Amino acid sequence: MTAATPTILVADDHPLFREALKGAVARLLPDARLVESDSADALFASAESHPDADLLLMDLNMPGANGFSALVHLRGSQPQLPIIVVSAREEASVVRRALDHGAAGFIPKSSDPATIRAAISAVLDGGEWSPPQAEQGDGLAPEEADIAARIRELTPQQFRVLGMLGTGLLNKQIAHALGVSEATVKAHMTAIMRKLGANNRTQAILLAGRLEI
């Protein structure tokens, strides 16, 4: 088990489930420092400001993240941070893909509190934890693994731009949302397409979409 006063990041856009996770952590680690996030951007900020965090418990789908994209991005930007995915999607293929994308554990949201605590304890001890169906899921297809490797090369700002592109925003709208110039957004787009091996915006969005569930 980690040293006293561990820092645990909890990321889920559903307040009730965040409370459930916090309760499970509190029973296992009464002195733990809990840092909550309800969106991908808030999670990335929390991870950046707590580089020595002991564990991240994260839902797959939050505002600003689709499928495995946030998990993949964090494995690239915060490789030292153990991550447990907590999801209502419990299919064997989803569990297997999450683990193959770098999660140290996977907790189905239907799990009882004792199972949640057992999973957290296992990962904090440096191990892994997954439900039985993980053994039945297919591993990552080579193409998805390649795209994930490319996504991990994106900077945090490039990842945000790519996510906004996926929602249909134009360069002008992205620039306004990020507080930067359109020229900066265009520069990010050039870098994104180069890193993803895409020829245009549409292709970049389609490639990133391979990480959806």
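Residues numbered from 1 in each chain as written. Predicted model: local features only at pLDDT ≥ 70, side-chain atom pairs only at ≥ 80, totals over all residues. Heavy atoms only, no water.

Right, let's get into the sheet that holds strand β4 (residues 83–87). A sheet is described by the order of its strands in space; here five strands give the open sequence β2-β1-β3-β4-β5, paired in parallel fashion. Here the strands that pair on one side only, and so sit at the sheet edges, are β2 (33–37) and β5 (105–108). In this sheet, adjacent strand axes meet at a mean angle of 20° when their direction is disregarded. Relative to β2, strand β1 (residues 7–11) is paired through five bridges, and the arrangement is parallel. Its bridge partner being in β2, Ile8 is matched across the sheet by Leu34. Sheet strands touched by helix α2 (residues 40–49): β1, β2 and β3 (55–58). Its angle to β2, the strand with the most contacts, is close to 150°. Strands β1, β3, β4 and β5 of the sheet are contacted by helix α5 (residues 113–124), whose axis makes an angle of about 145° with β3. (Pairing = 2+ DSSP bridges. Helix = DSSP H or I, 4+ residues; strand = E, 2+ residues; numbered from the N terminus. Axes fitted to C-alpha atoms, helices over the stretch in contact; angles between N-to-C directions. Contact = heavy atoms within 4.5 Å.)

Moving on, we come to helix α1 (residues 15–28). Spanning 14 residues, α1 covers 20 Å between terminal C-alpha atoms, matching the ideal 20 Å at 1.5 Å per step. Within the sequence span of α1, burial applies to Phe17, Arg18, Leu21, Lys22, Ala24 and Val25. Taken end-on, α1 shows its buried residues confined to a sector of 160°, consistent with a single buried face. For α1, the exposed residues lying more than 90 degrees away from the buried face are Pro15, Leu16 and Arg27. Elements that come into contact with the buried residues of α1 comprise β1, β2, β3, β4 and α5. (Expected span 1.5 Å × (residues − 1). Buried < 20%, exposed > 50% of the residue type's maximum accessible area, 1.4 Å probe, protein only. Arc of directions from axis to C-beta.)

Our focus in this paragraph is the nonpolar core. With 49 residues, the main nonpolar core has Leu56, Met58 and Ile151 as its most contacted residues. In contact with Leu56, other than residues within four places in its own chain, are Leu9, Ala11, Leu43, Leu74, Leu81, Pro82, Ile83 and Ile84. Counting residues in each nonpolar core, the second largest holds 19 residues, with Leu29, Ala104, Ala119 and Leu124 among its members. (Core = buried A, V, L, I, M, F, W, Y, C linked by side-chain atoms within 4.5 Å.)

This part covers the side chain of His101. With respect to the helices, strands and loops of the structure, His101 is situated in the loop between α4 (92–100) and β5. Classification of His101 by relative accessible area gives buried; the value is 3%. With near-sequence residues (within four places) excluded, His101 lies in contact with Phe68, Leu71, Val72, Arg75, Leu140, Glu144, Ala148 and Leu211.

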